[in-house]
Amino acid sequence: MEQLLQALHDEVHDPEEDAFLVFSQPVPSHALGIIDNKASSLELTVAGRDLTISQSPGLLTSNRALGSTGAVVWKVTPHFAEWIASEGNLLFRSQALGSDSTVLELGAGVAGIVPLALAPSVSRYIATDQDYVLKLLRQNIADNSSASKVGAKRGKSQKGRAGAKAQDTSSAGKIETLTLDWESDSVASLPQQLNRQVGGISPAEAGVDAIIACDCIYNDHLIEPFVNTCADICALRPQEEGVKPTICIIAQQLRTHEIFESWLVAFHRRFRVWKLPDEHMPKELREDSGFIVHVGILR
């Protein structure tokens, strides 16, 4: 973890000032941030994988009381998935993540793009969201894992495609889905869910190694439940000397100064916070991209 902290440079100490500095520079507009709010499916290539992602425009425009933003793919998600699955990624290079890591995603949505990209590089990936999302999420994971799409559009050899198929099938077994609503669900039952396949575990194996969230910060009334859920999950791992803490990796589109500042203030209250420096990020996620990625460690 020391390697990661050294690479992250300056910690956020004044969230209001940091939010001001972020928005004092020109922020490119990505409109609402949806890739295509009318398409029932999208063809994307992420981390060398050709994906066909089903989404639900009808659900997005419905009057569903509990929200429906997870029904479509948001622009930051493929960029984040490409980066976090890339070779030489800062999180893997610093050993904050590794092949033995357990990762939990909050607000995964229907797409499954991040789990499909990252699961081959970690031990276990748990994608969570509200119950209405999970059916289509499971379908997208199954559809993009049951047959290889790696390199299919680029004319790879049959032998290469066969090898990729075997990898896809095995990585799909690392992806699990779990219902978790930040506003109504307690994380008290998570230890049983996380450790149900494990016998006696050490403190270092409790909880998860990382929490991921992509574009979950867009609504003021969800900020506190989101931050509290992140903190409660991180607290499942004992804060003891020699035990690597759970890290939170939060990617988001920069929409309004008010929402961003409210989130950063609330997150900073519970977490030590760093913005990932441009030198470690692809151009699609750098300071002038309209997107931003932070790392947090529970105080």
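The rules behind the values
Residues numbered from 1 in each chain as written. Predicted model: local features only at pLDDT ≥ 70, side-chain atom pairs only at ≥ 80, totals over all residues. Heavy atoms only, no water. pLDDT = per-residue confidence, 0-100. Contact = heavy atoms within 4.5 Å. Core = buried A, V, L, I, M, F, W, Y, C linked by side-chain atoms within 4.5 Å. Buried < 20%, exposed > 50% of the residue type's maximum accessible area, 1.4 Å probe, protein only. Axes fitted to C-alpha atoms, helices over the stretch in contact; angles between N-to-C directions. Helix = DSSP H or I, 4+ residues; strand = E, 2+ residues; numbered from the N terminus. Left-handed = near helix turned anticlockwise from the far one by under 90°. Nonpolar A, V, L, I, M, F, W, Y, C, P; charged D, E, K, R; others polar.

Draft legend 1. Spotlight on the confidence of the model for the protein. A residue-level look at the protein finds 84% of positions with pLDDT of 70 or above and a mean pLDDT of 86. Segment residues 147-170: pLDDT under 50, and 35 contacts once partners within four positions in sequence are set aside and those in other chains are kept.

Draft legend 2. Quick peek at the nonpolar core. Ranked by size, the top nonpolar core spans 54 residues in total, and within it F80 and I212 carry the most contacts. What F80 contacts, discounting residues up to four positions off in sequence, is V114, I212, C214, I249, A251, L285 and V293. Counting 38 residues, the second-largest nonpolar core is a separate cluster that includes W182, L194, V208 and L264.

Draft legend 3. Summary view of the packing of helix 2 (residues 15-23) against helix 11 (residues 257-270). Remark: helix 2 packs on helix 11, axes separated minimally by 9 Å, with the N-to-C direction vectors making an angle of 145°. Here the hand of the crossing between helix 2 and helix 11 comes out right-handed. Between helix 2 and helix 11, the contacting residues are P15, E16, D18, A19, F20, V22 and F23 on the first element and H257, F260, E261, L264, V265 and H268 on the second. Grouping the amino acids of the contact of helix 2 with helix 11 by side-chain chemistry returns 8 nonpolar, 2 polar and 3 charged.

Draft legend 4. Spatial organisation of unusual backbone geometry. Phi at H9 takes a positive value of approximately 65°, unusual for a residue other than glycine. The phi torsion at A47 lies on the positive side, around 55°, for a residue other than glycine. On the accessibility criterion, A47 (30% relative accessible area) is partly exposed.

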